[in-house]
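Architecture and fold: a report
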Amino acid sequence: MSDDPAHQFAEAVSGLAPVALRAAATLRLADHILAGHDGLAALAERTGTDPDLLERLMRFLVCRGIFEEPRPGTYGLTGLAVTLLDGHPSRLRPWLDQDGIGARLDAATGGLLQALRTGRPPYRELHGRPFYEDLADHPAGITFDRLRGHHAESFATELVEAYPWPPDGHVVDLGGGTGVLSDALLSAYPRLRATSLDLPDAARAAGERSAAAGHGDRFTALAGSFFEPLPPADVYTLVNVLHNWDDADALRILRGCAGAAGSDTVVLVVERLLDQGDPYAMTAMDLGMFLFLGGRERTLDRYEELAATAGLARRATTETPGGLRVLSFVPGR
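A few points on the structure. (Residues numbered from 1 in each chain as written. Predicted model: local features only at pLDDT ≥ 70, side-chain atom pairs only at ≥ 80, totals over all residues. Heavy atoms only, no water.)

Brief notes about the pairing of strand β4 (residues 193-198)
For β4, a buried count of 5 out of 6 residues is recorded, marking the element as mostly surrounded by other parts of the structure. Taken together, the 5 bridges between strand β3 (residues 170-174) and β4 define a ladder with parallel strand orientation. Bridging from a neighbouring strand, H170 pairs with R193 of β4. Strand direction decides the pairing type here: β4 and strand β5 (residues 219-223), joined by 5 bridges, are parallel. Of the residues in β5, the one forming a bridge with D198 is A223. Following the backbone out of β4, through helix α15 (residues 200-213) and into the adjacent parallel β5, one traces a crossover that is right-handed. (Buried < 20%, exposed > 50% of the residue type's maximum accessible area, 1.4 Å probe, protein only. Helix = DSSP H or I, 4+ residues; strand = E, 2+ residues; numbered from the N terminus. Pairing = 2+ DSSP bridges. Right-handed = clockwise from strand over helix to strand, strands pointing away.)

Structural data, given as structure tokens:
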């Protein structure tokens with residue numbers, strides 16, 4: 001790739017590179033090359049694409065360092081291309097796949113200018129319903145739950161190790177997805193009980209995960225909403241949940257926790273902080289949260305303000321090796 005600032009600027013404004021990468025991801029070009037179908041004719045046959053146009057796409061991607069061309073018409077993987085493999089730990093390919101959730105997200109990204117002018121998240125405008133309502137009735141919703149689970153697997157062990165969980169208490173994981181954190185906690189603490197609360201498809205997957213792990217009646221998969229009255233708990237966890245919501249809804253969630261909490265209950269807010277992370281990643285996430293969900297990333301001070309309004313006081317902050325902050329709140333101001 002060129003280090004020339006003029007080339008870098010042209011790349012930034014052209015809009016072709018993101019589209020080309022998504023095409024490569026959707027066609028699973030990296031997986032086909034890894035499987036040995038690395039010649040142009042074989043790639044075109046495997047992907048059902050026009051050979052001439054595919055060659056032009058590959059030429060575009062090769063000169064940008066995504067793929068390599070060791071011999072004319074034969075392609076290989078670079079370090080960047082490896083991240084497009086279906087089984088890569090980053091799970092990047094499914095997010096870019098235009099036959100799945102990626103297309104719905106990308107359409108909302110294209111609504112940034114409209115959002116700036118209206119102040120409304122474009123996902124709802126484009127698809128007719130808010131994000132979670134839309135995915136509840138869309139095949140992409142199952143893919144989204146699975147991707148959430150893969151993401152949780154990347155930090156669940158760190159989170160279990162970062163906080164002194166009650167060895168025989170009850171943890172209620174709000175928005176617990178497919179039950180990855182609950183599974184990790186129950187495996188680490190044999191007397192602990194856990195409940196994962198989420199929408200029906202995710203709750204069903206969480207129950208299946210727990211059954212396969214043999215946790216028995218120590219685990220409950222609860223289909224529902226954290227805007228409804230909550231079951232009692234020693235610890236409520238909100239892991240990457242509040243940034244999905246605007247301040248009004250985030251406050252509703254925290255008030256629900258405070259209202260259901262006993263005097264010794266702890267509310268754990270687990271998020272990345274806008275003012276303490278990589279600015280490239282955090283500013284992108286901040287815009288994305290609004291475009292897709294109407295949410296936002298927040299600073300530590302803003303989380304404290306919301307919690308205080310809900311009747312919760314911060315007791316401690318812990319950072320995981322991966323950069324998540326575990327904000328511990330208790331009832332009171």
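Some details on unusual backbone geometry
Even without being a glycine, R28 presents a positive backbone phi close to 55°. You can see R28 is positioned in the loop between α2 (16-26) and α3 (29-34). One non-glycine residue, N240, adopts positive backbone phi at about 55°. Its relative accessible area of 17% is what places N240 among the buried residues.

Some points on the packing of helix α16 (residues 247-260) against helix α18 (residues 300-310)
Running from N to C, α16 and α18 point in directions that differ by 50°, and their axes come no closer than 8 Å. Of the possible angle classes, the one that applies to α16 and α18 is oblique. The handedness of the crossing between α16 and α18 comes out as right-handed. Contacts from D247, A250, L251, L254, R255 and A258 of α16 reach α18 at R302, L306, A307, T309 and A310. Of the residues that constitute the contact of α16 with α18, the class distribution is 7 nonpolar, 1 polar and 3 charged. (Axes fitted to C-alpha atoms, helices over the stretch in contact; angles between N-to-C directions. Parallel < 35°, antiparallel > 145°, perpendicular 65-115°, else oblique. Left-handed = near helix turned anticlockwise from the far one by under 90°. Contact = heavy atoms within 4.5 Å. Nonpolar A, V, L, I, M, F, W, Y, C, P; charged D, E, K, R; others polar.)

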